[in-house]
Amino acid sequence: MTFSDDTRARIRDSFAKQSAMALIHAEIPVIEEGRAEIEIPHWDGVLQQHGYVHGGVVGMIADSAAGYAAMTVVPEGTSVLTVEYKINMVAPANGDKIVAKGSVLRAGRTLLLTKADVYAVKDGTETLCAVMQQTIMAMHGKGER
């Protein structure tokens, strides 16, 4: 498959269907072949008791960023679904915004191995706060709802 503006539009349409992403005020500013980025602002609705972005929210954006990276390399008419992921929190998610940078490590016909690095951005400086590795299943011929 060749990456195209149609692929980018398909991913933007899919992202718009995720009410969970709207709930946390997430945006998808970067969609490129084999890569996608999702970011959220630091706001009261996603914080835990210490004032950091909650680890579950960090996992949400990491999962989606890597999943959309996978979607950039599968054929049209193929949807993707997370099979599993493992995430390590390495620093508090404390910044003006949190950015998950997803990428494809290996794309097979059915299973794709992806990763996401999540950064807290404060005053323009990125601090790595989480690292995730994920397995994605390509569901050929199965669209989204």
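Along each chain, the written sequence defines residue order, and numbers are assigned to residues from 1. At least 70 in pLDDT is required for a residue's local features to be given in this predicted model, at least 80 for side-chain atom pairs to be given and counted, and no such filter applies to totals for whole chains, interfaces and linings, which use all residues. The basis for the side-chain values is all heavy atoms of the structure; hydrogens and waters are excluded.

The patches reported here contain residues having more than 30% relative accessible area and no salt bridge. Joining distances are 9 Å for like charges and 5 Å for nonpolar side chains (Val, Leu, Ile, Met, Phe, Trp, Tyr). Computed with the Shrake-Rupley method and a 1.4 Å probe, the accessible areas treat only the protein chains shown as cover for residues. Salt bridges, as used here, are contacts in which a Lys or Arg side-chain nitrogen is within 4 Å of a carboxyl oxygen on Asp or Glu. On the surface, Val90, Leu128 and Val131 cluster together into a nonpolar patch covering about 210 Å² of accessible area. Counting from the N terminus, the helices are DSSP H or I runs at least four residues long and the strands are E runs at least two residues long. Structurally, Val131 can be placed in strand 6 (residues 125-140). Its relative accessible area of 32% is what places Val131 among the partly exposed residues. Here's how the labels work: a residue is buried when its accessible area is under 20% of the maximum for its type, exposed when over 50%, partly exposed in between, all with a 1.4 Å probe on protein chains only.

Pairing between strands is defined by DSSP: at least two bridges between them are needed. In spatial order, the strands read 1-2-4-5-6-3; together these six strands make up an open sheet with antiparallel pairing. If you trace the sheet from one side to the other, it starts and ends with strand 1 (27-32) and strand 3 (78-89), each paired once. Neighbour to neighbour, the strand axes of the sheet diverge by 25° on average, direction disregarded. On the sheet, helix 1 (residues 5-17) packs against strand 1, strand 2 (35-41) and strand 3 and is oriented at approximately 155° with respect to strand 1. Angles run from 0 to 180 degrees between N-to-C directions of axes, and those axes are lines fitted to C-alpha atoms, restricted for helices to the stretch in contact. Contacts between residues were defined by any pair of non-hydrogen atoms, one from each residue, lying within 4.5 Å.

Let us look at unusual backbone geometry. Even without glycine at this site, His25 takes up a positive phi of about 65°. Turning to its location among the elements, His25 is positioned in the loop between helix 2 (19-23) and strand 1. For His25, a relative accessible area of 40% translates into the label partly exposed. Here the phi dihedral of Asp123 falls at roughly 55°; this positive angle occurs in a residue that is not glycine.

These results come straight from atomic positions and should not be treated as a statement about function.
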